[in-house]
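# An overview of the molecular structure
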Amino acid sequence: MSSIYDHSEHVEVANAPPGLEDELRILLNAEAIKFVADLVSKFENDFENLLRKRAKRKLDLDGTNAIPDFTRRDRGEWFISEIPTRLKCRHVDLGDVSPANTQHFVAALKSSAQGIQTDFDDGHCPTWFNQIRGLWNVYRAVHGKIPGVHSIEKVPVLMLRPRAWNMIEHNMLVNGKEVPGPLFDFGLLMFHNARILAQVKSGPFFYLSKLESSTEAKLWNDIFVYTQMKLGLPRGTIKACVLIENILAAFEMEEILYELRDHSAGLNCGMWDYSASIINKFGHRREFVLPDRKKYVSMDRHFLKSYMDLVIQVCHKHGAHVTGGMAAKLVTEKEEKNAIETVCRGKLLEIEAGADGFMVYDLKLVKIMQNLFKKKTSGINQLNVTRGEVNIRADDLLQMPTGGVTLNGLKYNISVGILFIYSWLKGNGHFYFQGGVEDSATAEISRSQVWQWIRHRARLEENGELITFSMVQTVVRTTIDEILRREQIDNQLLNQAADTFLEIVMKHEFPEFITTYLNEEHLFHSVHPNRNSNSKVTSKL
């Protein structure tokens with residue numbers, strides 16, 4: 001089955017996953033394919049330059065042992081463009097909501113949250129089946145085709161999060177090359193939904209993941225301008241909240257905000273991806289060893305508190321909102337009181353610092369957190385909290401907390417790393433573990449710390465024993481036995497996940513992203529064979 005347009009470009013799209021043939025036919029119709037192909041062709045050189053600049057910057061840092069400094073320009077007083085009414089109150093977003101999980105997505109649409117982080121990134125596993133079902137569920141929500149769900153202007157706003165720049169979509173080729181995952185996601189989300197969202201003043205709104213510089217923000221701004229022009233939408237219709245989850249981006253957050261000023265919905269500060277990025281960029285240096293995250297890493301530690309204070313100061317100075325990280329705690333009957341108290345304590349720190357909102361995973365926490373905002377603040381946001389007293393220096397962001405490594409912390413990181421890989425092999429982007437939800441962000445910090453502790457010969461606090469690869473192998477085998485005793489789980493797949501985890505943490509060079517590593521892994525392709533389909537829908541543009 002093929003369609004001919006002209007002979008300038010060659011586009012191939014894999015066949016639909018079984019059971020989603022009609023959905024793919026609608027989502028990737030001839031016009032949609034051409035739209036995405038044009039988008040990719042327009043920006044593929046910029047995308048490739050972005051990856052080259054990232055690699056060069058990393059080599060420069062490694063070769064010189066330099067540390068970054070702030071990139072700031074004196075532009076006088078400036079503010080981002082006016083925020084749409086539906087984004088003026090950002091108190092509580094539901095985070096990590098993969099639209100491929102239909103039941104969870106529908107429950108989120110029926111909730112009272114201000115927004116839904118509609119996630120094709122950290123909380124989502126990008127199998128071909130999941131991509132098509134996720135895009136289809138967003139399409140159904142926007143077009144009013146989900147039974148029992150209100151029209152799109154009456155449900156929480158969709159904060160659409162395409163994949164980050166490190167992810168590739170293997171199932172579409174343009175000019176013989178696999179396309180960037182974020183352009184595939186963004187292009188189809190915009191083509192099918194943007195006009196309706198704009199008509200009812202409910203979008204299109206986005207979260208942008210894992211940016212590392214203001215240059216990358218400018219690229220997204222160029223993509224927004226081009227896409228709005230192609231779809232006949234006014235400039236500034238798209239609004240995007242950038243997640244400052246990379247240490248290098250923290251030094252350019254004001255410039256990032258400036259580059260997106262016509263399209264900005266503010267900035268977000270999280271914890272685990274950000275902490276993992278420090279190991280990513282500086283992990284070969286002993287002075288940047290991060291201690292046991294379960295015991296010594298939290299938002300009240302100096303490096304994370306400085307980061308949050310700076311994000312709030314920069315955003316509010318320019319009229320932009322700040323959202324905090326996600327409370328991943330699950331509220332169970334057995335531990336309901338303790339779970340709620342734990343989340344409230346953590347989120348009070350963000351409210352008192354001046355944050356305008358944050359994310360939770362558990363729907364049962366939405367109203368509780370909204371009431372917390374009402375109790376502690378007097379308006380729909382805290383833009384009046386300017387934090388003029390804050391004076392953050394470069395070394396404040398890079399001051400590692402003191403502390404060591406506990407055996408419990410080592411076991412926890414190993415469990416999270418293995419179970420995340422296992423979940424990906426099963427086609428799930430997140431999983432539940434010890435009363436919380438874990439996703440690629442927590443998997444990143446988990447495997448990063450284990451790699452770093454082996455490399456720098458960290459010792460256990462309990463007995464001073466050296467953390468070696470041999471010790472990690474032993475703990476991995478013990479962990480597998482414990483998981484198998486506790487849960488009904490695929491033994492073979494779990495062992496394959498454990499082998500992959502060990503492969504990652506023993507590498508001499510640090511694998512930059514666990515998701516990139518897994519996305520290219522032969523095992524992932526063999527478990528999800530549709531990604532390697534040789535049967536293509538072919539067209540020429």
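Residues numbered from 1 in each chain as written. Predicted model: local features only at pLDDT ≥ 70, side-chain atom pairs only at ≥ 80, totals over all residues. Heavy atoms only, no water.

### Brief notes about the overall build of the protein chain
This is how it is decided: Runs of E in the DSSP output that reach at least two residues are strands. Runs of H or I that reach at least four are helices, and both are numbered from the N terminus. Throughout this description, buried means an accessible area under 20% of the type-specific maximum (1.4 Å probe, protein chains only), exposed means over 50%, and partly exposed covers the range between. Every accessible area reported is derived by Shrake-Rupley at a probe size of 1.4 Å, with residue values counting cover from the shown protein chains alone. Note on charges: Lys and Arg go in the positive column, Asp and Glu in the negative column, and His and the chain ends are not counted at all. For the purpose of locating charges, the reference atoms are NZ of Lys, CZ of Arg, CG of Asp and CD of Glu.
Across its full length, the protein chain holds 20 helices and 15 strands. In terms of principal-axis extent, the alpha carbons of the protein chain reach across some 70 × 55 × 55 Å. Each of the 541 residues in the protein chain was classed as buried or not, and the buried ones make up 62%. With an accessible surface of roughly 21,400 Å², the protein chain has 49% of that area assigned to carbon and sulfur atoms. Positive and negative charge centroids in the protein chain, built from 65 and 67 side chains respectively, lie 3 Å apart.

### Concerning the side chain of Arg 90
Mapping Arg 90 onto the fold places it in the loop between helix H2 (30-64) and strand S3 (92-97). The exposure class of Arg 90 is buried, given its relative accessible area of 2%.

### What to know about the pattern of salt bridges
For the record, the criterion: In what follows, salt bridge is the name for a side-chain nitrogen of Lys or Arg lying within 4 Å of a carboxyl oxygen of Asp or Glu.
Inspection of the entire model under this criterion finds 38 salt bridges. Among the ionic pairs, Arg 25 bridges to Asp 22, the shortest N-O distance being 3.7 Å. You can see Arg 25 and its partner Asp 22 sitting in helix H1 (residues 21-27), 3 residues apart, about one turn around the helix. Classification of Arg 25 by relative accessible area gives exposed; the value is 52%. In this structure, the salt-bridge partner of Lys 210 is Asp 273, at a minimum N-O distance of 3.7 Å. Here Lys 210 is found in the loop between strand S8 (205-208) and helix H6 (214-231), whereas its partner Asp 273 is found in helix H9 (residues 272-282), with 63 residues between them in sequence. Each member of the pair, Lys 210 as well as Asp 273, carries the same accessibility label: buried. Three or more residues joined by partner-sharing salt bridges are found here, namely Asp 96, Asp 119, Asp 121, Asp 122, Arg 161, Lys 210, Glu 245 and Asp 273.

### A short note on the pairing of strand S11 (residues 322-327)
Sheet faces and side chains relate simply in a regular strand, where the side chains alternate between the two faces. Quick note on the threshold: DSSP calls a pair of strands paired once it identifies at least 2 bridges connecting them. Viewed with both strands pointing away, a crossover whose connecting path from the first strand over the helix to the second turns clockwise is right-handed.
Counted residue by residue, S11 has 5 buried out of 6 residues, so it is predominantly covered. Across 2 bridges, the pairing between strand S10 (residues 264-269) and S11 is parallel. Residue pairing across strands places Asn 268 opposite Thr 323, the latter belonging to S11. In this sheet, strand S12 (residues 357-360) lies alongside S11 in parallel orientation, the contact comprising 3 bridges. Each residue of the ladder has a partner; that of Ala 327, found in S12, is Val 360. As a crossover connection, the stretch from S11 through helix H12 (residues 336-353) into S12 is right-handed.

### Here's the deal with the side chain of Arg 54
To keep things clear, this is the line we draw: The criterion used for residue contact is that any of the two residues' heavy atoms lie within 4.5 Å.
Of note, Arg 54 is situated in helix H2. Excluding its chain neighbours within four sequence positions, the residues that come into contact with Arg 54 are Trp 165, Lys 210, Leu 211, Glu 212, Glu 216 and Phe 513.

### Describing the packing of helix H15 (residues 407-425) against helix H16 (residues 440-455)
Each packed pair of helices is defined by two parameters, the angle between the axes and the distance between the axes. For clarity, the threshold we go by: Note on geometry: axes are lines fitted to C-alpha atoms, helical ones only across the stretch in contact, with angles between N-to-C directions running from 0 to 180 degrees. The scheme is simple: roughly parallel for angles under 35 degrees, roughly antiparallel for over 145, roughly perpendicular for 65 to 115, oblique for anything else. We call a crossing left-handed when the near helix sits turned anticlockwise from the far one by less than a right angle, and right-handed when that turn is clockwise.
At a minimum axis distance of 8 Å, the contact between H15 and H16 shows a crossing angle of 125°. Overall, the two elements H15 and H16 adopt an arrangement that is oblique. Note that H15 runs across H16; the crossing there is left-handed. In this structure, H15 contributes Leu 410, Asn 413, Ile 414, Val 416, Gly 417 and Phe 420 to the contact, and H16 contributes Ser 440, Thr 442, Ala 443, Ser 446, Gln 449, Val 450 and Trp 453.

### Topic: the sheet that holds S3
Within the closed barrel, the 8 strands sit side by side as S3-S4-S5-S8-S9-S10-S11-S12. Their pairing is parallel. Each strand axis lies, on average, 30° off the axis of its neighbour in the sheet, ignoring direction. As defined by bridge partners, strand S9 (residues 239-244) adjoins S10 across 4 bridges and the pair is classed as parallel. For Ile 244, the partnering residue across the bridge sits in S10 and is Cys 269. In this fold helix H11 (residues 302-317) packs onto S9, S10 and S11, with an angle of close to 170° to the strand it touches most, S10.

### Describing the environment of Asn 166
Stated formally: By the criterion applied in these results, polar contacts are pairs of N or O atoms within 3.5 Å in which, for protein atoms, one can donate a hydrogen and the other can accept it, and in which residues neighboring in sequence qualify only through two side-chain atoms.
Mapped onto the fold, Asn 166 is located in the loop between strand S5 (157-161) and strand S6 (168-174). Judged by its relative accessible area of 12%, Asn 166 falls in the buried class. For the pair Asn 166 and Thr 516, spaced 350 residues apart in sequence, the C-alpha to C-alpha distance is 6.3 Å. Within the structure, Asn 166 has its side chain in polar contact with the side chain of Thr 515 (distance 3.4 Å). One polar contact links Asn 166 to Thr 516, side chain to side chain, over a distance of 2.8 Å.

### Digging into unusual backbone geometry
In most cases, non-glycine residues show a negative phi, while peptide bonds are predominantly trans. Of the consecutive residues Gly 203 and Pro 204, the connecting peptide bond is found in the cis state with omega at 0°. One non-glycine residue, Asn 175, lies in the positive phi region at around 55°. Take Asn 175: it is sitting in the loop between S6 and strand S7 (177-180). We classify Asn 175 as partly exposed; its relative accessible area is 36%.

### Structural notes on the packing of aromatic side chains
Our working rule: Side-chain rings of Phe, Tyr and Trp, where Trp is taken by its six-membered ring, are said to pair if the distance between their centres is within 6.5 Å; with planes under 30 degrees apart they count as stacked, over 60 as edge-to-face, and otherwise as tilted.
All chains considered together, the criterion is met by 21 aromatic pairs. With a centroid separation of 5.0 Å and 10° between ring planes, the pair formed by Trp 136 and Tyr 139 is classed as stacked. Highlighted residues: Trp 136 and Tyr 139, both in helix H4 (residues 128-142), separated by 3 residues, approximately one helical turn. Given the relative accessible area of 14%, Tyr 139 is considered buried.

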